[in-house]
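# Understanding the architecture of this molecule
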Amino acid sequence: MQQTIVERIDRVAEDVVSLTLRGATGPLAPWEPGAHIDLALPNWLTRQYSLCGDPADRECYRIAARYEPLSRGGSEYLHRFLRRGRTLDVSLPRNHFPLAPAPRYLFLAGGIGITPILPMLRAAVAAEIPASLVYVGQTLATMPFADELRSSHGDRVRIVATRQQGRPDLADLASTLDPATVVYCCGPASMLAAAQAAFPAERLHTERFHPAVRSFAPDTPFEAVCARSAQTIQVPADESLLEALIHAGHPVASGCREGVCGSCELTVVAGEPEHRDDIGAPAGRMYACVSRALSPRLVLDL
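Residues numbered from 1 in each chain as written. Predicted model: local features only at pLDDT ≥ 70, side-chain atom pairs only at ≥ 80, totals over all residues. Heavy atoms only, no water.

The name given to the protein in an unreviewed UniProt entry is PDR/VanB family oxidoreductase, with Streptomyces celluloflavus as the source organism. In its Cofactor (unreviewed entry) section, the UniProt record describing the protein reads: "FAD". (UniProt positions renumbered as here; feature names shortened; annotations may be inferred.)

## So, the overall build of the protein
Looking only at helices and strands, the protein has seven helices and 18 strands in total. Considering only C-alpha atoms, the protein reaches an extent of 60 × 45 × 35 Å along its principal axes. Counting every position in the protein, which comprises 302 residues, the buried fraction comes to 48%. In the protein, the share of contacts with a sequence separation of at least 24, taken over all contacts with a separation of at least 6, comes to 62%. Summed over its atoms, the accessible surface of the protein is roughly 14,600 Å², and 50% of this surface lies on carbon and sulfur atoms. Taking the average location of the 29 positive side-chain charges in the protein and that of its 33 negative ones, the two points are 4 Å from each other. (Helix = DSSP H or I, 4+ residues; strand = E, 2+ residues; numbered from the N terminus. Buried < 20%, exposed > 50% of the residue type's maximum accessible area, 1.4 Å probe, protein only. Contact = heavy atoms within 4.5 Å. Areas by Shrake-Rupley, 256 points an atom, 1.4 Å probe, with all protein chains shown as cover. Lys, Arg positive; Asp, Glu negative; His and termini not counted. Charge placed at Lys NZ, Arg CZ, Asp CG, Glu CD.)

## Some points on helix H2 (residues 114–126)
Counted at 1.5 Å a residue, the expected span for H2 with its 13 residues is 18 Å, and the 18 Å between its end C-alpha atoms agrees. Along H2, the residues classified as buried are Ile114, Thr115, Pro116, Ile117, Leu118, Pro119, Met120, Leu121 and Ala124. Positive phi shows up at Glu128, right after H2, with a value of about 60°. (Expected span 1.5 Å × (residues − 1).)

Structure below.
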């Protein structure tokens with residue numbers, strides 16, 4: 001973890017605040033566009049936020065959070081109780097949404113989904129790679145960083161306020177794109193579904209706020225063996241692997257508990273995991289919050 005100090009709290013749209021977090025003891029860990037951090041809050045919650053500042057700035061991280069009335073308390077704390085000067089611990093950056101090299105880019109963002117896209121667009125422009133952004137929100141007042149984008153990138157940015165203009169026709173947009181264009185999309189489920197219908201899968205990269213709705217076989221019990229401690233843990237059908245490990249005294253880091261943030265990644269030594277995440281676990285890894293086992297036993301590097 002890294003210790004930071006809340007240097008700025010700025011209201012950047014209706015129900016959206018931006019936090020500038022300065023390293024408390026020196027430069028912060030480097031990061032690349034698409035990365036996010038875990039933010040440990042004083043109310044004992046840990047939440048994930050995309051880094052939306054400048055990767056070249058090693059002194060500060062910038063994040064933004066929308067107030068969600070039905071959230072579990074993370075956004076409420078940031079909006080109502082957090083004050084400048086507060087010390088907060090943050091994780092090292094992780095990146096499950098990296099910007100791959102491409103001859104040209106189209107970025108699509110919906111609402112708070114602009115946060116990982118901001119540094120991507122900045123990086124593409126700095127590298128003189130043709131890039132454009134379609135930024136969608138209900139109204140201009142609800143869209144964070146809209147003014148910043150207009151002033152910095154001008155005609156590269158198309159801002160669509162759906163209450164006045166309706167939703168953009170992504171299929172029509174796809175028909176006019178250069179075939180070499182790579183598309184990055186972050187936003188609500190409806191935008192991701194429209195993008196997946198409009199663009200070829202091999203040229204589309206997405207990041208989700210919440211897990212996709214999918215069906216799996218009924219949960220069944222299995223054993224989890226912690227290789228380093230030689231402890232065998234029974235994981236019942238009505239409990240996640242993450243919960244079973246925590247109850248057995250293994251404090252595995254966790255955040256979203258929905259398979260979209262990657263904070264609970266574990267190394268699998270033996271056995272066959274059933275991957276239920278929306279990130280795409282690399283070989284030999286799994287996310288304990290949602291994934292289970294296809295084999296009777298999993299051996300974990302714990």
